[in-house]
Amino acid sequence: MHIYHFTYVKYAHIYAVIFAVIHSRMGTIMKKLSRFEISKQSHHPAYAMHSAHTHSYFELYYLVNGECNFFLYDNVYRMSAGSMVFIPADTLHKTTYSKGQEHERIYIEFTLDYLSDLINALGGLRFEQLLYSNFFTVPEQHINQVNYIFSQLIKEKEAPDIYSVCSIKDLFQRLIILMLRKFNNPLDNKANISSQPVHVLDESIQSAMNYICNNFSKNITLDDVAGLLHLNSSYFSKKFKTINGFGFKEYLNNVRINHSEKLLLETTLSITDIAFQCGYQNSNYYGDAFKHINGISPTEFRKIKGNVKDI
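Computed from a predicted model, the values in this text were never measured in an experiment. (Residues numbered from 1 in each chain as written. Predicted model: local features only at pLDDT ≥ 70, side-chain atom pairs only at ≥ 80, totals over all residues. Heavy atoms only, no water.)

J.: Even after reading the chapter, I still don't get the packing of aromatic side chains, so can you show me in this structure?
T.: A ring pair, where both rings are aromatic, is described by two values, the distance of the centres and the angle of the planes. If you walk through the whole model with that rule in mind, you get 23 aromatic pairs. A centroid spacing of 5.3 Å and a plane angle of 80° characterise the contact between phenylalanine 71 and tyrosine 251, whose relative ring orientation is edge-to-face. Remark: tyrosine 251 occurs in helix H9 (residues 248-266) and phenylalanine 71 occurs in strand S3 (residues 67-72); sequence separation between them is 180 residues. The class of tyrosine 251 is buried, set by a relative accessible area of 0%. Taking 4.5 Å as the distance between ring centres and 45° as the angle between the ring planes, the aromatic pair formed by tyrosine 77 and phenylalanine 135 counts as tilted. (Phe/Tyr/Trp six-rings, centres within 6.5 Å; stacked < 30°, edge-to-face > 60°. Helix = DSSP H or I, 4+ residues; strand = E, 2+ residues; numbered from the N terminus. Buried < 20%, exposed > 50% of the residue type's maximum accessible area, 1.4 Å probe, protein only.)

And the structure:
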């Protein structure tokens, strides 16, 4: 008994140091992983987002005024004022705004810990079904209520105190619950989508994007896809860019790079193997394309983000 007691006392300070280091690292990791940012911006008619992009956090996009084409993974939708979309993490997206009119939008970038109570109540699968990549329309009678919640969230971020994190979580979950209860949802409201402010723009372009998403690992070309749709290549190229706001090659590269990011973080495959799996015949060309989109090399991306296989 005395020996055990002596051993514990002897190494107690070591255990305390180890615990403190682990606790500190876990706190740093959690702080690093948790995110909530909100921004309200107005843009002049000539504004355009430069390229499609992805990020590791979730996003809620709300179009306050104006109209835009919203590209989300493999579809392009037309959004009008009062429309919202819930964008999952690592999902390729881009907005292209209508020329000749100003537009205002609010977006929230967040991690799921800010919706933890709601996820626990619904269950993970139901939460995904109700929200992921779904569009919502704010009814006129709820616009003031929605705008008030957004304004309160902005105030909490601009002038935070010790209660702000709790207040933000409460306000944000209140907003999402309001969306699910009162707004048009594709799972709970089967109204004709063309009668809503959000609708798919072009079925042929949607088919092309679906084909690319399912076949990006192959050596596909613009001529290949145009042929499948029985369209002239030049006409298809112009139509693709007009609707999406970016060209065929740019979209193909973005889909490939987006998939490669997951392989970089979730596997131990070499850069060369990842390049081949994502449709690149040359790892150097893959590296150049990756850096053009992300600003860093695949190796740097893996090092900065961390690989799950290393945990």
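J.: Would you mind going over the side chain of asparagine 258 with me for this structure?
T.: Here asparagine 258 is to be found in helix H9. Once you skip the residues sitting within four places of it in the chain, asparagine 258 turns out to touch Thr54, Asp90 and Leu92. (Contact = heavy atoms within 4.5 Å.)

J.: Please clarify how the packing of helix H6 (residues 203-215) against helix H8 (residues 233-244) should be interpreted in this entry.
T.: Two quantities define a packed helix pair, namely the angle between the axes and the distance from one axis to the other. The interhelical angle for the contact between H6 and H8, taken along N-to-C directions, is 95°, at an axis separation of 10 Å. Between H6 and H8, the interaxial angle falls into the category roughly perpendicular. On H8, the residues touching Ser204, Ile205, Ala208, Met209 and Ile212 of H6 are Phe236, Lys239, Phe240, Ile243 and Asn244. Looking at the contact of H6 with H8 residue by residue, the class counts come to seven nonpolar, two polar and one charged. (Axes fitted to C-alpha atoms, helices over the stretch in contact; angles between N-to-C directions. Parallel < 35°, antiparallel > 145°, perpendicular 65-115°, else oblique. Nonpolar A, V, L, I, M, F, W, Y, C, P; charged D, E, K, R; others polar.)

J.: Help me understand the pattern of salt bridges in this model?
T.: Pairs may arise between side chains of opposite charge once their charged atoms sit close together. Inspection of every chain in the model, using the stated rule, returns five salt bridges. A salt bridge links glutamate 37 to lysine 157; the nearest nitrogen and oxygen atoms lie 3.8 Å apart. Placement of the pair is glutamate 37 in strand S1 (residues 36-43) and lysine 157 in helix H4 (residues 143-158), with a sequence separation of 120 residues. Classification of glutamate 37 by relative accessible area gives partly exposed; the value is 38%. The exposure class assigned to lysine 157 is partly exposed, which follows from its relative accessible area of 31%. With a closest N to O distance of 2.7 Å, arginine 174 and aspartate 170 form a salt bridge. Linking arginine 174 with aspartate 170, this pair stays in helix H5 (residues 164-182), spanning four residues, or about one helical turn. (Salt bridge = Lys/Arg side-chain N within 4 Å of Asp/Glu carboxyl O.)

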